[in-house]
Amino acid sequence: MRALLPALVLFALSAGFSGAAQAQRKDRQGKEVVDAVCGACHASGKDGAPRIGDANAWSSRASQGLTALTDHAINGIRKMPAHGGTAGVSDIEIERAITYMVNRSGGNWVEPLGGTAPVAARTSEAIVKGQCAQCHQAGKDGAPRIGDRTAWTPRLAKGLDSLVASAIHGHGPMPARGGMPDLSDQQIRGAILYMFSYGLPAIPPQPPVAAADPHHKLVSGIDVYFGMMRAEAMRAAQGTTGGPKVDVPSGSGYYHLNVALADNKSQAPVTDAKVTMQVSDGMTVQSKTLNLVAANNAVSYGNFFRFSSGSAYNITTEIQRPGASPVVAKFEFKAP
Ligand code: HEC
Ligand code: HEC
């Protein structure tokens, strides 16, 4: 069997370092700064300050991008005093406070990390928050926005490798290596996947289970990796992982079935497909559309199905890519 998507491996390697990167942070989080300083005017909208929660007031300002807004908040603009009128608010705290206010007002920005973690210790998250977000947060100069699947999917369709190459060389307003010359190709790859999958429901890593070994099929040039996880195990693991969650159904016998798809030639993840799955034991049929989900910064398609213990099931996955004929991959599963 082929190795899993390289992104899964990459994430597993980098995840171990994030503790170290976090330990270096002393700056306050956005909410604390807003509660202590900015809220004095921005909670009520005093003197025409954009009010927290007012999506209209913030969205027009947010389109300037975090860098420009931070600049205005640090130096002051019109009735907005420099540093919110309070000494001792660091630049990174200002950035986080703005991000917090934008997000409380209908935005979807990631809070910047700041600090200077050693190159090798930078996770995809740290790279994106510390660097790429400067432009990819608000979509400056047409940069595809973080978590905006509509903007990223057609670019990813060219293949992840060519996208990595494009980011390495840069073009137009996109600087070479995103303006961080010391990033490795792997780190750029991870950052791109992070920006694509940001905001997708996270599912915990799926440990190989003897009875449900992930299967692999190659059909019409698409590698299909099949995996499954007991709902009980997902519930247990969710308490320990951060980020958005999948709604795990209550009741017994549920499994989360998922398929990760990759173009066989380029090994780029396939992210533009509509995927349906049919699960049948010969008597009953469950048919569902699979949702895009994020697992460890990679993407796959999944949904929950219910199984009776001891029965054997045929699993038929239909993959429909735009402009292509549907592709079918079949798997089998016997519920323990
Ligand atoms: C004394 C009142 C006051 C405090 C305290 C304050 N602001 Fe403001 N802020 C304003 C006003 C008034 C404006 C609107 C200025 C304008 O556009 O005319 C504003 C505008 C802004 C803008 C939009 C700038 C732009 O370019 O459109 C940002 C960003 C901002 N504030 C951030 C902050 C942050 C971060 C803090 C806390 C560290 C903070 N403010 C604290 C009064 C305040
Ligand atoms: C100074 C602003 C800026 C920064 C910083 C930046 N980008 Fe970009 N990026 C852009 C813009 C603008 C585009 C859109 C360019 C276009 O399509 O013409 C873009 C496009 C891209 C693309 C799509 C390329 C393609 O061929 O479709 C990738 C991938 C990318 N950026 C990755 C990154 C990564 C990773 C980082 C952080 C390490 C980063 N960028 C940092 C501005 C930036």
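Conventions and cut-offs
Residues numbered from 1 in each chain as written. Chains lettered and ligands numbered in written order. Predicted model: local features only at pLDDT ≥ 70, side-chain atom pairs only at ≥ 80, totals over all residues. Heavy atoms only, no water. Near = heavy atom within 4 Å. Polar contact = N/O pair within 3.5 Å; in protein donor to acceptor, adjacent residues only side chain to side chain. Helix = DSSP H or I, 4+ residues; strand = E, 2+ residues; numbered from the N terminus. Nonpolar A, V, L, I, M, F, W, Y, C, P; charged D, E, K, R; others polar. Pairing = 2+ DSSP bridges. Donors = N, O, S within 2.8 Å, 3.2 Å for Na, K, Ca; no water. Tetrahedral: all angles 85-135°; square planar, octahedral: opposite > 155°, others 65-115°. Buried < 20%, exposed > 50% of the residue type's maximum accessible area, 1.4 Å probe, protein only. Expected span 1.5 Å × (residues − 1). Contact = heavy atoms within 4.5 Å. Axes fitted to C-alpha atoms, helices over the stretch in contact; angles between N-to-C directions. Parallel < 35°, antiparallel > 145°, perpendicular 65-115°, else oblique. Left-handed = near helix turned anticlockwise from the far one by under 90°. Bend = angle between axes of the 7 residues up to and from the residue.

1. Regarding the site of ligand 1
Near ligand 1 you find 23 residues, and of these Cys38, Cys41, His42, His72 and Met80 are the closest. Within the side chain of Arg61, a nitrogen or oxygen atom sits 2.7 Å from an oxygen atom of ligand 1. A distance of 2.4 Å is found between an oxygen atom of ligand 1 and a side-chain nitrogen or oxygen belonging to His72. Secondary structure elements with two or more residues in the shell around ligand 1: helix 3 (30-42), helix 5 (66-75) and helix 6 (91-103). The element contributing the most residues to the shell around ligand 1 is helix 3, with 4 residues. For the shell around ligand 1, the residue count by class is 13 nonpolar, 5 polar and 5 charged.

2. Some words on the pairing of strand 1 (residues 215-219)
Where a strand is regular, its side chains alternate between the two sheet faces. Note that strand 1 and strand 2 (residues 222-230) share 5 bridges and pair antiparallel. Counted as the bridge partner of Leu218 is Asp223 from strand 2. Linking strand 1 to strand 2, which pair antiparallel, is a turn of 2 residues; within it Ser220 sits at a positive phi near 45°.

3. Thoughts on the pairing of strand 4 (residues 274-280)
Note that strand 4 and strand 8 (residues 312-320) share 7 bridges and pair antiparallel. Residue pairing across strands places Lys274 opposite Gln320, the latter belonging to strand 8. Looking at chain direction, strand 4 and strand 5 (residues 285-289) are connected through 5 bridges and run antiparallel. Its bridge partner lying in strand 5, Thr276 is registered against Thr289.

4. Points about the coordination of the iron atom of ligand 2
Taken together, His136 (NE2) and Met174 (SD) make up the protein donors of the iron atom of ligand 2, found 2.1 Å from the metal. Seen from the iron atom of ligand 2, its 6 donor atoms lie at angles of 87 to 179°, and the figure they make is octahedral. One end of the pair, His136, is in helix 7 (residues 124-136); the other, Met174, is in the loop between helix 9 (160-169) and helix 10 (185-197), with 38 residues separating them in the sequence. Take Met174: its relative accessible area is 24%, and that puts it in the partly exposed class.

5. Points about helix 6
Each turn of an α-helix holds 3.6 residues, which means side chains three or four residues apart point in the same direction. Between its first and last C-alpha, helix 6 extends 18 Å over 13 residues, near the 18 Å set by a 1.5 Å rise per residue. For helix 6, a buried count of 10 out of 13 residues is recorded, marking the element as mostly surrounded by other parts of the structure. Three or more residues of helix 6 are buried, namely Ile92, Glu93, Ile94, Arg96, Ala97, Ile98, Thr99, Tyr100, Met101 and Val102. Buried residues along helix 6 sit in contact with helix 3, helix 4 (55-62) and helix 5.

6. A look at the packing of helix 7 against helix 10
Two numbers describe how helix 7 lies on helix 10: the axes approach to 9 Å, and their chain directions differ by 70°. With respect to their mutual orientation, helix 7 and helix 10 come out roughly perpendicular. Both helix 7 and helix 10 take part in a crossing whose hand is right-handed. For the pair helix 7 and helix 10, contact is made by Ser124, Glu125, Ile127, Val128, Lys129, Cys132 and His136 and by Gln187, Gly190, Ala191, Tyr194 and Met195, respectively. When the residues that make up the contact of helix 7 with helix 10 are grouped by side-chain class, the tally is 6 nonpolar, 4 polar and 2 charged.

7. Points about helix 3
Given a rise of 1.5 Å per residue, 13 residues ought to cover 18 Å, yet the end C-alpha atoms of helix 3 are separated by just 13 Å, more than 12% below that figure. If you look at helix 3, its biggest bend is around 55°, right at Ala36. Against the buried residues of helix 3 lie helix 4 and helix 6.

8. Brief notes about the coordination of the iron atom of ligand 1
The iron atom of ligand 1 binds to the protein through His42 (NE2) and Met80 (SD); the donor distances cover 2.0 to 2.1 Å. Around the iron atom of ligand 1, the 6 donor atoms sit at angles spanning 87 to 180°, and that spread fits a shape best called octahedral. Here the residue His42 occupies a position in helix 3, and Met80 occupies one in the loop between helix 5 and helix 6, the gap between them amounting to 38 residues. Under the relative-accessibility criterion, Met80 is labelled partly exposed at 24%.

9. Topic: the sheet that holds strand 8
On the basis of which strands lie adjacent, the open sheet formed by 4 strands has the order 5-4-8-9 and antiparallel pairing. For this open sheet the edge positions go to strand 5 and strand 9 (327-334), each flanked by a neighbour on one side alone. Going across the sheet, the axis of each strand differs from the next one's by a mean of 15°, ignoring polarity.

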